[in-house]
Amino acid sequence: MPYAYDPELAPVALQLGSPDLSDIPAARRYPGPPPAVDLTGVTVDDVHVPGADGAPDVRLRVYRPDTRSAPAAILTVHGGGFVMGSLDGSDARSAAFARDLGVLVVSVDYRLAPEDPYPAALDDCYAALTWMAAHADALGLDPARIAIHGASAGAGLCAGLALLARDRGGPAIAFQYLGIPVTDDRMTTPSMTAYTDTPNWDRPSAAISWDAYLGAGVRGTADVPVYAAPARATDLTGLPPAYVSVMHFDPLRDEGIAYALALLAAGVPVELHLFPGTFHGSTRIPAAVSRRETDEATEVLRAGLGLNPPASR
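Owing to the predicted nature of the structure, the values given are computational and were not obtained by experimental measurement.

## Side note on empty space enclosed by the protein
Stage number 1. One pass over the structure, following the stated rule, counts 1 cavity of 30 Å³ or more.
Stage number 2. Its boundaries defined by the atoms lining it, the largest cavity holds a volume of some 30 Å³.
Stage number 3. Lining of the largest cavity is provided by Phe-82, Val-182, Trp-201, Ala-206, Ser-209, Trp-210 and Leu-252.
Stage number 4. For the lining of the largest cavity, the per-class residue count stands at 6 nonpolar, 1 polar and no charged.

## Let's talk about unusual backbone geometry
Stage number 1. Following Tyr-118, the chain continues into Pro-119 via a peptide bond in cis, with omega recorded as 10 degrees.
Stage number 2. Tracing the backbone shows Pro-119 in the loop between strand S4 (104-109) and helix H4 (120-134).
Stage number 3. A cis amide bond links Gly-170 to the next residue, Pro-171, at an omega of 0 degrees.
Stage number 4. Among the secondary structure elements, Pro-171 is positioned in the loop between helix H6 (153-167) and strand S6 (175-179).
Stage number 5. Unusually for a residue other than glycine, Phe-82 sits at a positive phi of about 70 degrees.
Stage number 6. If you trace the backbone, Phe-82 turns up in the loop between strand S3 (73-77) and helix H3 (91-101).
Stage number 7. One non-glycine residue, Ser-152, lies in positive phi territory at about 60 degrees.
Stage number 8. Relative to the helices and strands, Ser-152 resides in the loop between strand S5 (146-151) and H6.

Reading the values: rules and limits
- Residues numbered from 1 in each chain as written.
- Predicted model: local features only at pLDDT ≥ 70, side-chain atom pairs only at ≥ 80, totals over all residues.
- Heavy atoms only, no water.
- 1 Å grid on protein atoms, 1.4 Å probe; cavity = no way out; pocket = protein on both sides within 12 Å on 5 of 7 lines; lining within 4 Å.
- Points joined across faces, edges and corners; volume = space filled by probe spheres on them.
- Nonpolar A, V, L, I, M, F, W, Y, C, P; charged D, E, K, R; others polar.
- Helix = DSSP H or I, 4+ residues; strand = E, 2+ residues; numbered from the N terminus.

Right, dumping it as structure tokens:
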């Protein structure tokens, strides 16, 4: 199917496929090596923290800026359809957030499906959040100023994490950044139905991803918890303010829009941005619209954490 991609993205879009999730080990090597990482002004350490009861320790990567602007922090969760992704793949953006915002950033190396299906990944994210709040003094944090940030499946995990933290009575989350979020296992939206051949992510990939995460035969049934598929939640009250981004030609577009509107209807402050002419993961391609998304993410998190604007402004 032809798509009206942004002119800067179109030449690359026509050459891209979607990861073949029928071979998950091979898909984990897609789309190749992670980008080069600029660690100027940032100190990086890996730590292991206790997981959920009976679960292994969780590896976290902690990015400490040389100059702190505030006692705030970001917990960032990588994407990858619940089956792919790593700390290395999110190094560049995590380091940039720490340096540009002057706050602590923690990235979580959650367990991947199908080897570790739901709730393993969410449990690991919750363990990371509780560790940050419990060690706020040692980390130089105000535990009321922790934002969560995720893209794609990482955003879906963040949405589930916000629900879980609310229902368990904490830790507090100041802001949730949900970039191209995975929220709905039912896969019935118009964009999910139509986009069967879009770059980087398509309907067949989404089906395999959900089956790996939930287990075969669970997707679309009444047995899916709201923490796994937040679009199923009927009570979104009391959740932290949110930013939701969606890409134009992305199967996930409409479920992201629907989740943003549901948050808004529940009284949650929400900013929603659809980037025209884009597709899933198109921010990796140098283009003006990609730079806008990257810059906006930084500024949205700055506002969400109550940070002062850069001195040059």
